[in-house]
Amino acid sequence: MIKRFSRHNIEDAGSSGSLNDLSFLLIIFFIVIAGFNVNKGFLLNLPSREKPIVVNTQDILKCSILQNGKLMLDGSEVELEELSKRVSEKLVSWPNMTFLLTIDPEASYQNVVDVISVIRKLKVENFSFRMNRSE
């Protein structure tokens, strides 16, 4: 009996092994990434559309961040430390105070973050901000 060997077309043997390795590494990568908490921003409670919050205009403390980064509180220029002190004093006598921050569109992002950080540390419950309209 004569045995004949037929030749099989052999594809690249390395391609299937490396494809398996790559898919395994991708699975491990996504499992590891899923464990990281990427939410590092400010958590703000937004009012619902069905039940808007009504604020008395007399309970609003107005603060502005100007283009050059200066802070204006009720019409006078203040530093960040003085803002903290004045807001904490107002909170004692005015617990329902709403802090309104008006931001110039050209103001530095870091200045805005600094003010929001100070207000959050003081535990001001009612916080609102808006951008100045460009004229």
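Residues numbered from 1 in each chain as written. Predicted model: local features only at pLDDT ≥ 70, side-chain atom pairs only at ≥ 80, totals over all residues. Heavy atoms only, no water.

(A) The overall build of the protein, seen in detail. From N to C terminus, the protein includes 3 helices and 5 strands. By the burial criterion, 19% of the 135 residues in the protein qualify as buried. Of the roughly 11,700 Å² of accessible surface on the protein, 54% is carried by carbon and sulfur atoms. (Helix = DSSP H or I, 4+ residues; strand = E, 2+ residues; numbered from the N terminus. Buried < 20%, exposed > 50% of the residue type's maximum accessible area, 1.4 Å probe, protein only. Areas by Shrake-Rupley, 256 points an atom, 1.4 Å probe, with all protein chains shown as cover.)

(B) How the structure looks around helix α2 (residues 80–93). Along its 14 residues, α2 runs 21 Å from first to last C-alpha, staying within 8% of the 20 Å computed at 1.5 Å per residue. When α2 is considered as a whole, its buried residues turn out to be Leu83, Val87 and Leu91. Buried positions in α2, seen along its axis, are confined to an arc of 65 degrees and lie on one side of it. In α2, those exposed residues whose orientation departs by more than 90 degrees from the buried face are Glu81, Lys85, Glu89, Val92 and Ser93. Buried-residue contacts for α2 involve β1 (60–65), β2 (71–73), β3 (76–78), β4 (98–103) and α3 (109–121). (Expected span 1.5 Å × (residues − 1). Arc of directions from axis to C-beta. Contact = heavy atoms within 4.5 Å.)

(C) Structural context of the sheet that holds β4. Read from one edge to the other, the open sheet built from 5 strands follows the order β3-β2-β1-β4-β5, with strand pairing classed as mixed. Across the chains shown, the open sheet's two edge strands, defined by having one partner strand only, are β3 and β5 (126–131). When the angles between neighbouring strand axes are averaged without regard to direction, this sheet yields 30 degrees. Where β2 and β3 come together, 3 bridges link them in antiparallel fashion. Opposite Leu71, over in β3, you have Val78 as the bridge partner. This element, α2, spans β1, β2, β3 and β4 of the sheet and lies at about 110 degrees to β3. Relative to β4, α3 is tilted by about 175 degrees, and along the sheet it contacts β1, β2, β4 and β5. (Pairing = 2+ DSSP bridges. Axes fitted to C-alpha atoms, helices over the stretch in contact; angles between N-to-C directions.)

(D) Looking closely at the pattern of salt bridges. Per the counting criterion, the structure on display carries 2 salt bridges. The salt bridge partner of Lys70 is Glu77, with a shortest N-O separation of 4.0 Å. Look at Lys70 and you get partly exposed, because its relative accessible area is 38%. One salt bridge in this structure joins Glu82 and Arg86, with 3.7 Å as the shortest N-O distance. You can see Glu82 and its partner Arg86 sitting in helix α2, 4 residues apart, about one turn around the helix. (Salt bridge = Lys/Arg side-chain N within 4 Å of Asp/Glu carboxyl O.)

(E) Inspection of the packing of aromatic side chains at higher detail. As enumerated under the stated definition, the model contains 3 aromatic pairs in all. Residues Phe99 and Phe127 carry aromatic rings whose centres are separated by 6.0 Å and whose planes lie at 10 degrees to one another, so their mutual orientation is stacked. Here Phe99, found in strand β4, pairs with Phe127, found in strand β5; they are 28 residues apart in sequence, far enough to count as distant. Among the aromatic side chains, those forming a connected cluster through ring pairs are Phe99, Phe127 and Phe129. (Phe/Tyr/Trp six-rings, centres within 6.5 Å; stacked < 30°, edge-to-face > 60°.)

(F) Main features of the layout of surface pockets. Its boundaries defined by the atoms lining it, the second largest pocket holds a volume of some 150 Å³. Lining the second largest pocket are 12 residues, and of these Ile103, Tyr109, Val112, Val113 and Ile116 sit closest to its centre. Looking at the lining of the second largest pocket, the elements with two or more residues in it are α3 and β5. No other element matches the 4 residues that α3 contributes to the lining of the second largest pocket. (1 Å grid on protein atoms, 1.4 Å probe; cavity = no way out; pocket = protein on both sides within 12 Å on 5 of 7 lines; lining within 4 Å. Points joined across faces, edges and corners; volume = space filled by probe spheres on them.)

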